[in-house]
Each structure stands twice: as C-alpha cells, then as structure tokens.
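# Structural description and commentary
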Amino acid sequence: MNTCERFSELFSDYIENFLPASSKQQVESHLSACADCHDTVARLDDLRSHLKSLKHIQASDDFEAILRARIKLDQRARRSSVSAKRRTRPMRMASYSVIAAVIVMSFGYLLWRTETDIQAATPASTSQMQTPVAASLTLNPASFSAKILYPLDRIAPTQLSHQTRKPQDVPSTSAMPDTSQPAPLPLRGAAQQGQFITVSSF
Ligand SMILES: [Zn+2]
C-alpha cells in the first residue's frame, strides 16, 4: 500500500473532522504535496455538502419491514434462478450430446452410403471397362492378322508378279498354259490391262 492509498482511508474521517490532531496534520501535509489526493478530498467534500443539503424525508413506520421483505424476496428469486440454471445445464448437455450423436450418425451414414454406392458402381464399371479391353486383347490380334495377311498373301504377290510382266514381255513359253505352276489369280480391271497397281494394305 503506497502513501496515497494509506491516506485515502483517512479522508472520510478527515472531512467529518473525526481525526486526532496528529493524523489530521499528517493528512493535511500530504494533501498540500499531492494534487491527486487533494482533488479526491475536494470531490468528497462536495458530495458531503450535497448530501447534507438534501431535503429530509420522513419514512413511513413500516418502511424498514417492507424493505427487509423485499430484500428477502429478491434473494429467494435469485437463488431459484441459479438452481434452475443448474437443473437445466445437464438437460442442455444431454441435448447437445444427442445433437452431436445425430450429426455423427448421419455423417457416418452418408460415408457408408457413399462407399456402398462406389462399391456397387465399381464392379459394373470395371466389368464394362475390362471386358472390351480383354476382348480386344484376345480377339483383335486374330482379326488384325486376318485383315492384314489375307490381302498380302493372296493379292499382293500376284499383283507384284504381274506388275513386272507386261503382256508383250511374257515369254512365248508362258503363253502356253503351264499346268505345273499354279495359275495366277484372275485380276480385274486395270490389272488385266497391264497397268501398274499400287497395292496398299489399307
Ligand atoms: Zn496522495
């Protein structure tokens, strides 16, 4: 407690002039040196003067009894509101727990539904995606080789051999049908007229 706080406890008695002479002198010497305490004492003295200037009111005879009854009622009301708050706190906690449980359960249900939907959709989608891939892996090479090799084996050699031979270049021996060699496959259109044919596999 500093000096000002220690002297502030004496200010009321100083204003009311209840202090002994020695204490009164100490307070006055501090007030002459401390502006803050001097201001505080001035305001307290003003307040005291105003209170003394108020008109005196004569209270009724039952004023004190009524005041005490009101105070008791007010205290009882406060106690009951506090106990009501204490009673409702567990109920509120229980309701919060129920709400939290509902949120967790609905979130879990949503997660479960999502996973179920994904699991239900995954086999169908993978079978739809895997079947064509597997079919192409197993079936496409055969179909490719059939498509590519057939014209190369059957058509391209015949046409290439015919491209090198023009009708006038054919030897006279080959003019006769050679039964030992397989006859070239019949060509149609321009190939039969001795023109060059560009053979393309595609
Ligand atoms: Zn002071």
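Residues numbered from 1 in each chain as written. Predicted model: local features only at pLDDT ≥ 70, side-chain atom pairs only at ≥ 80, totals over all residues. Heavy atoms only, no water.

The number of helices and strands found in the chain is 7 helices and 0 strands. Looking at the chain as a whole, 9% of its 202 residues qualify as buried. Counted over contacts in the chain with a minimum sequence separation of 6, partners at least 24 positions apart contribute 59%. Entry remark: accessible area of the chain is about 17400 Å², with carbon and sulfur atoms responsible for 61%. (Helix = DSSP H or I, 4+ residues; strand = E, 2+ residues; numbered from the N terminus. Buried < 20%, exposed > 50% of the residue type's maximum accessible area, 1.4 Å probe, protein only. Contact = heavy atoms within 4.5 Å. Areas by Shrake-Rupley, 256 points an atom, 1.4 Å probe, with all protein chains shown as cover.)

Phe7, Phe11, Tyr14, Ile15, Leu19, Val27, Leu31, Cys34, Cys37 and Val41 together form the largest nonpolar core, which totals 10 residues. Looking at this core, the elements that each hand over two or more residues are helix H2 (11-15), helix H3 (21-33) and helix H4 (35-53). Ranked by the residues each element gives to this core, the list is headed by H2, at 3 residues. Filtering out sequence-adjacent residues up to four positions away, valine 27 remains in contact with Phe7, Leu10, Phe11, Tyr14 and Leu19. (Core = buried A, V, L, I, M, F, W, Y, C linked by side-chain atoms within 4.5 Å.)

On to the side chain of histidine 30, then. Position of histidine 30 among the secondary structure elements: in helix H3. Under the relative-accessibility criterion, histidine 30 is labelled buried at 12%. Apart from residues no more than four positions distant in its own chain, histidine 30 is found in contact with Thr3, Cys4, Phe7 and Cys37.

In this section: the coordination of the zinc ion. Ideal values differ by geometry: the angle at a metal is 109.5 degrees with four tetrahedral donors, but 90 or 180 degrees with six octahedral donors. With distances of 2.0 to 2.4 Å, the protein atoms coordinating the zinc ion are Cys4 (SG), His30 (NE2), Cys34 (SG) and Cys37 (SG). Coordination at the zinc ion comes from 4 donor atoms whose angles at the metal span 103 to 118°, giving a geometry best classed as tetrahedral. Counting along the primary sequence, the residues that act as donors to the zinc ion give the motif C-x25-H-x3-C-x2-C. The residues cysteine 34 and cysteine 37 share a single accessibility class, namely buried. (Donors = N, O, S within 2.8 Å, 3.2 Å for Na, K, Ca; no water. Tetrahedral: all angles 85-135°; square planar, octahedral: opposite > 155°, others 65-115°.)

Attention shifts here to the confidence of the model for the chain. Chain-level statistics for the chain give a pLDDT mean of 75 and a share of 60% at 70 or above. Considering each helix and strand of the chain separately, the mean pLDDT is smallest for helix H7 (residues 172-175), with a value of 50, and largest for H3, with 96. Every residue in residues 130-136 scores below 50 in pLDDT, and together they form 4 contacts with partners more than four places removed in sequence or on other chains. (pLDDT = per-residue confidence, 0-100.)

Under the counting rule described, the total for this entry stands at 1 aromatic pair. Ring plane angle 35° and centroid distance 5.9 Å describe the contact between tyrosine 109 and tryptophan 112, whose orientation is recorded as tilted. With tyrosine 109 and tryptophan 112 both in helix H5 (residues 63-154), this residue pair falls 3 residues apart, about one helical turn. Judged by its relative accessible area of 45%, tyrosine 109 is partly exposed. In this structure, arginine 6 is placed above the aromatic ring of phenylalanine 7, and the distance from its NZ or CZ to the ring centre is 5.4 Å. (Phe/Tyr/Trp six-rings, centres within 6.5 Å; stacked < 30°, edge-to-face > 60°. Lys NZ or Arg CZ within 6 Å of the ring centre and 35° of its normal.)

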